[in-house]
Amino acid sequence: MLSGIVFALTAGLMWGLIFVGPLMVPEYPAALQSAGRYVAFGLIALPLAWADRTRLRRLSRADWTEALKLSAVGNLLYYFFLASAIQRTGAPVSTMIIGTLPVVIAVTANLLYGRQEGALSWWRLTPPLVLILLGLLCVNLAELSAQDEQVDMERYLGGIGMAVVAVICWTWYPLRNARWLRRNLDKKSTTWATAQGLVTLPMALLAYVLVSGQLALTKPDFALPFGPRPLVFIGLMLAIGLLCSWLGTFCWNQASQRLPTVLVGPLIVFETLAGLTYTFMLRQAWPPLLTLCGICCLLVGVVGAMRIKPKPVVVKVETAAQKK
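Residue numbers restart at each chain and count upward from 1, following the sequence in its written direction. Local features in this predicted model are restricted to residues whose pLDDT is 70 or higher, and side-chain atom pairs enter the listing and the counts only when it is 80 or higher, whereas totals over whole chains, interfaces and linings include all residues. With hydrogens and water set aside, each side-chain value is computed from the structure's full complement of heavy atoms.

Got a sec to walk through the overall build of the chain? Specific residues and values, please.
Secondary structure elements follow DSSP: runs of H or I of four or more residues count as helices, runs of E of two or more count as strands, with numbering from the N terminus. Assigned secondary structure in the chain consists of 15 helices and zero strands. When accessible area is computed with a 1.4 Å probe and restricted to protein chains, residues below 20% of their type maximum are described as buried, those above 50% as exposed, and intermediate ones as partly exposed. Evaluated residue by residue, the chain yields a buried proportion of 45% over its 324 residues. Contacts: residue pairs with any heavy atoms within 4.5 Å of one another. Relative to all contacts within the chain whose residues are 6 or more apart in sequence, the contacts with residues 24 or more apart total 87%. Only the protein chains shown count as cover for residues, and all accessible areas are computed by the Shrake-Rupley method using a 1.4 Å probe. About 17200 Å² of surface is accessible on the chain, with carbon and sulfur atoms providing 67% of the total.

Given below as structure tokens:
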């Protein structure tokens, strides 16, 4: 139990870094950051793939197609929209929106798979959802009031919309990924993760080339291929690719193997807390009272929602006499 909690905490600390990465290189477009991060992740996956080449050969063409879809949505699109949202709204707002993922995933799974895997009570789920919405409102008000200059509301609301799309991407990914794993119990989860890393690399390389071409046409002053601060950019992408994409996922898988599902869900809040902590450390300031209230509402809401136990599935079994 203790080692599982430590692994979950470590995963949260790693994943929290993705919320400050875009703030450290604000002059770099979000698309270039997304492509750069997953080029780094794909390169890291290459030696892992060589070590696991025997199991990778057993994957079918349909499996590789599924890995391609998952990587495109859960990796490239997710981080592109997240980085874009952070650059438009600031990290605290985007972090709080992403922090609703445990509940959004639970609600979506409740709608799609409730009959097969046990449904959650909507009556018990409503109060935590209200708390989460209240927390998001508090953080948005705090960020808007803290702006020194007049806020470009169109850009700000666009950033919120991009954060919502990022939530949709990361909601689709784990549900679809879990369905594949349940249908392929003979395949190892580490092999599947490595396969996704492999298919991410060519997509990320292509995306990097396309984004670079677009920048060359629209921003000829932007230094290509690695921007105005190449050493900082390359180091940051390698760090995020290694710590967030590989080490974070490894630690989370280890935690999932050691802890009951009812406890693993709330522990994903470590990611939100880490992201907010890193952001205010980067600002060298304490969060305002309204932001702290919003964080407390989010935590209480997420933990309260994840503590709701699903109703057991009732399976009707017909006896031989009933069949006759």
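Any chance you could break down a nonpolar patch on the surface for me, citing the residues and the numbers?
A cluster of nonpolar side chains, namely Leu134, Leu137, Leu141 and Leu290, defines an oily patch on the protein surface of about 340 Å² accessible area. For the nonpolar patch, the element with the highest residue contribution is helix α8 (residues 122-146), accounting for three residues. For leucine 141, the position within the fold is in helix α8. Residues with no salt bridge and a relative accessible area higher than 30% make up the patches, which join like charges within 9 Å and nonpolar side chains (Val, Leu, Ile, Met, Phe, Trp, Tyr) within 5 Å. A pair is scored as a salt bridge if a Lys or Arg side-chain nitrogen falls within 4 Å of a carboxyl oxygen belonging to Asp or Glu.

Give me the lowdown on the pattern of salt bridges, citing residues and values where you can.
Counted by the stated rule, this structure contains four salt bridges. For the salt bridge of aspartate 186 with lysine 187, the shortest nitrogen-to-oxygen distance reads 3.4 Å.

Residues and numbers for the packing of aromatic side chains, please.
Any two rings among Phe, Tyr and Trp, with Trp reduced to its six-membered ring, count as a pair given centres within 6.5 Å; such a pair is stacked if its planes are under 30 degrees apart, edge-to-face if over 60, and tilted if neither. For the coordinates displayed, the defined rule picks out nine aromatic pairs. Considering the side-chain rings of tyrosine 78 and tryptophan 170, the 5.2 Å spacing of their centres and the 35° angle between planes classify their relative orientation as tilted. Pair noted here: tyrosine 78 is in helix α5 (residues 61-89) and tryptophan 170 is in helix α9 (residues 153-183), with a separation of 92 residues, a long-range link. Centroid distance phenylalanine 80 to phenylalanine 81: 5.1 Å. Interplanar angle 65°. Geometry classified as edge-to-face. An aromatic cluster of at least three residues, connected via ring pairs, comprises Tyr28, Phe222 and Phe233.

Can you tell me about the packing of helix α1 (residues 2-15) against helix α13 (residues 269-283), naming the residues and giving the values?
Axis angles are defined between N-to-C directions and span 0 to 180 degrees, where every axis is a line fitted to C-alpha atoms and, for a helix, only to the segment in contact. α13 packs onto α1 with a crossing angle of 45° between their chain directions and a minimal axis gap of 7 Å. Here α1 is positioned oblique relative to α13, judged by the angle of their axes. Along this stretch, α1 crosses α13, giving a crossing that reads as right-handed. Judged by residue contacts, Ile5, Ala8, Leu9, Gly12, Leu13 and Trp15 of α1 engage Phe270, Glu271, Ala274 and Tyr278 from α13. Its residues assigned to classes, the contact of α1 with α13 comprises eight nonpolar, one polar and one charged. Our angle categories are set so that under 35 degrees counts as roughly parallel, over 145 as roughly antiparallel, 65 to 115 as roughly perpendicular, and the remainder as oblique. When the near helix sits turned anticlockwise from the far one by under a right angle, the crossing is termed left-handed; a clockwise turn instead gives a right-handed crossing. Each residue gets one label: Ala, Val, Leu, Ile, Met, Phe, Trp, Tyr, Cys and Pro are nonpolar, Asp, Glu, Lys and Arg are charged, and the others, such as Gly, are polar.

Break down unusual backbone geometry for me, citing the residues and quoting the values.
Residue proline 225 follows leucine 224 across a cis peptide bond; omega there is 10°. As for its placement among the helices and strands, proline 225 is situated in the loop between α10 (189-218) and α11 (230-258). A positive phi angle is found at glutamine 284, which is not glycine, with a value near 60°. Mapped onto the elements, glutamine 284 comes out in the loop between α13 and α14 (289-306).

Hey, could you go over the nonpolar core for me, with residue numbers and the actual values?
Here, nonpolar core refers to any group of buried Ala, Val, Leu, Ile, Met, Phe, Trp, Tyr and Cys residues whose side-chain atoms link them within 4.5 Å. Judged by nonpolar contacts, the single largest core of 60 residues is most densely connected at Ile18, Leu32, Leu82 and Ile98. Among all residues touching isoleucine 18, those that are not within four sequence positions of it are Arg37, Tyr78, Tyr79, Leu82, Ile86, Ile240, Cys244 and Glu271. Ranked by size, the runner-up nonpolar core spans ten residues in total, among them Ala49, Leu56, Trp180 and Trp192.

Please give an account of α10 that cites residues and values.
Here α10 spans 42 Å end to end across 30 residues, near enough to the 44 Å set by a 1.5 Å rise per residue. What we call the bend at a residue is the angle made by axes fitted to the seven residues finishing there and the seven residues starting there. At threonine 200, α10 shows its largest bend, some 25°, and a proline, proline 202, comes one to four positions later. Here a helix's expected span is defined as the number of its residues, less one, multiplied by 1.5 Å.

Can you tell me about the side chain of threonine 200, naming the residues and giving the values?
Tracing the chain through its elements places threonine 200 in helix α10. Of note is the side chain of threonine 200, whose polar atom sits 3.3 Å from the side chain of serine 71. Polar contact is defined as a pair of N or O atoms within 3.5 Å, subject to the rule that within protein one atom must be able to donate a hydrogen and the other to accept it, and that residues adjacent in sequence are counted only when both atoms are side-chain atoms. Within the structure, threonine 200 has its side chain in polar contact with the backbone oxygen of glutamine 196 (distance 2.6 Å). Residues within four places of threonine 200 in sequence aside, it is in contact with Tyr38, Phe41, Ser71 and Asn75.

Now, about α9: what can you tell me, with residues and values included?
Taking 1.5 Å of rise per residue, the 31 residues of α9 would be expected to cover 45 Å, and the 45 Å separating its terminal C-alpha atoms lies within 8% of that figure. Buried residues of α9: Tyr156, Gly159, Ala163, Ala166, Val167, Cys169, Thr171, Tyr173, Leu175, Asn177 and Trp180, and no others.

These values are about where atoms sit, not about what they do.
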